[in-house]
Amino acid sequence: MEFIKSKENKLYKTIKKLKTRKYREKEKLFIAEGHKFLDFKEIPWAVILKEGDDRYRDKAEKFTCPKYIFSESIFNEISSQENSQGVIVIYPMRESSIEGIGENIVVLDRIQDPGNLGTIIRVADAAGYKDIILLKGSVDVYNEKTVRSSMGSLFNMNFIYMEEDELIKFMAEKSYKSTSTALREDAVSYTDILPGSKNAIIFGNEGQGVSERIIEASDNKVIIPIYGSAESLNVAVAAGIVLYKFRELLD
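Criteria and thresholds
- Residues numbered from 1 in each chain as written.
- Predicted model: local features only at pLDDT ≥ 70, side-chain atom pairs only at ≥ 80, totals over all residues.
- Heavy atoms only, no water.
- Patch = residues over 30% accessible without salt bridge, like charges linked within 9 Å, V, L, I, M, F, W, Y side chains within 5 Å.
- Areas by Shrake-Rupley, 256 points an atom, 1.4 Å probe, with all protein chains shown as cover.
- Salt bridge = Lys/Arg side-chain N within 4 Å of Asp/Glu carboxyl O.
- Helix = DSSP H or I, 4+ residues; strand = E, 2+ residues; numbered from the N terminus.
- Buried < 20%, exposed > 50% of the residue type's maximum accessible area, 1.4 Å probe, protein only.
- Pairing = 2+ DSSP bridges.
- Contact = heavy atoms within 4.5 Å.
- Polar contact = N/O pair within 3.5 Å; in protein donor to acceptor, adjacent residues only side chain to side chain.
- Phe/Tyr/Trp six-rings, centres within 6.5 Å; stacked < 30°, edge-to-face > 60°.
- Lys NZ or Arg CZ within 6 Å of the ring centre and 35° of its normal.
- Axes fitted to C-alpha atoms, helices over the stretch in contact; angles between N-to-C directions.
- Parallel < 35°, antiparallel > 145°, perpendicular 65-115°, else oblique.
- Left-handed = near helix turned anticlockwise from the far one by under 90°.

Asker: Whenever I open this one, a nonpolar patch on the surface confuses me. Can you help?
Answerer: There is a patch of nonpolar side chains on the surface, built from Ile226, Leu233 and Val237 and spanning about 220 Å² of accessible area. Examined against the element boundaries, Val237 turns out to sit in helix H9 (residues 235-250). The class of Val237 is partly exposed, set by a relative accessible area of 43%.

In structure tokens:
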């Protein structure tokens, strides 16, 4: 493994730049930190280990991609964790395609928090969904916190990016029965959902919810009843409840 200790090193500079969405999209690469990412079958672009920490060297050696050891000081410069496990993996972004999209899809309207997005990806994967449409204004799927929160589930998903108008047209043309979560008087309980043969399940921004245009274009509006004193549910929690209920009904 090549040892790197200089901040003038090209790889070091590349990784620093990958912390910005613009550069990730340009290079089609993203950062995943933690030894868990050495357990997946996905082929990394590069693996970086921390100087003096050999705990995961054997795991790293199984990959055919370039592997490096960074000095403690520059590794800490690129690490986003306070108690790093000494492993950073750089992956190529996955190719996404609208071709062959499934009959049951998840739509996310301007989800802002990377931890929420990562958790929703993980929940959707666990509940058997494979396609997620993200509307403009949503946090980047390849944000480091999103990647970490997804616990590897992003490798199992197909991500498609759309504008609001494009989504509404797509759902109509492809005959998806659309269901939006909405705090409205005409919304029915999520337990009374009636799925169609093709379904688009829509969750909205943490503060504003699903946009009014999408709600008005939706076939169904559903709500999760609050029985206690809480004002609302976290969007990732709500997604887990609704997606699993949908799965139960579909099965």
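After that view, the rundown keeps rolling.
Asker: What am I meant to see in the pairing of strand S5 (residues 87-92) here?
Answerer: Side-chain positions along a regular strand alternate between the two faces of the sheet. Counting buried positions along S5 gives five out of six residues, so the element sits mostly inside the fold. Relative to S5, strand S2 (residues 29-33) runs antiparallel, the two sharing five bridges. Note that in S5 the partner of Leu29 across the bridge is Pro92.

Asker: Help me understand the environment of Ser138, please; the structure alone is not making it clear to me.
Answerer: Among the secondary structure elements, Ser138 is positioned in the loop between strand S7 (131-135) and helix H6 (144-150). For the pair Ser138 and Pro195, spaced 57 residues apart in sequence, the C-alpha to C-alpha distance is 26 Å. With near-sequence residues (within four places) excluded, Ser138 lies in contact with Arg21, Leu108, Asp109, Arg110 and Ile111. Engagement of the side chain of Ser138 in a polar contact is seen with the backbone oxygen of Leu108, the distance being 3.5 Å.

Asker: Any chance you could explain the packing of aromatic side chains here in plain terms?
Answerer: Given two aromatic rings, their pairing is described by the distance between the two centres and the angle made by the two planes. Within this structure, the stated rule accounts for nine aromatic pairs. By the ring-pair criterion, three or more aromatic residues cluster together here, those being Phe30, Phe37, Phe40, Tyr91, Tyr142 and Phe155. The ring of Tyr176 carries Lys198 above its face, with NZ or CZ at 4.5 Å from the centroid. Across from the ring centre of Tyr129, 4.9 Å away, lies the NZ or CZ of Arg247, which sits over that ring.

Asker: Explain the packing of helix H5 (residues 114-126) against H9 to me, please; I cannot follow it from the model alone.
Answerer: Their axes nearest at 9 Å, the elements H5 and H9 cross at an angle of 15°. Regarding the angle of H5 to H9, the classification is roughly parallel. Taken as a pair, H5 and H9 cross one another with a handedness that is right-handed. Contacts between H5 and H9 involve Asn116, Thr119, Ile120, Val123, Ala124 and Ala126 from the former and Val235, Ala236, Ala239, Gly240, Leu243 and Tyr244 from the latter.

Asker: Looking at this model, I keep getting lost on the sheet that holds S5. Mind explaining?
Answerer: Strand pairing within a sheet occurs via backbone hydrogen bonds; the two strands may be parallel or antiparallel. The sheet built from five strands is open, its strands ordered S1-S4-S3-S5-S2 with mixed pairing. This sheet does not close on itself; its edge strands, each paired only once, are strand S1 (2-4) and S2. Going from strand to strand, the sheet's axes swing by 25° on average, the running direction of each strand aside. Against the sheet, helix H1 (residues 10-17) touches S1, S2, strand S3 (46-50), strand S4 (67-70) and S5, its axis set at about 90° to S4.

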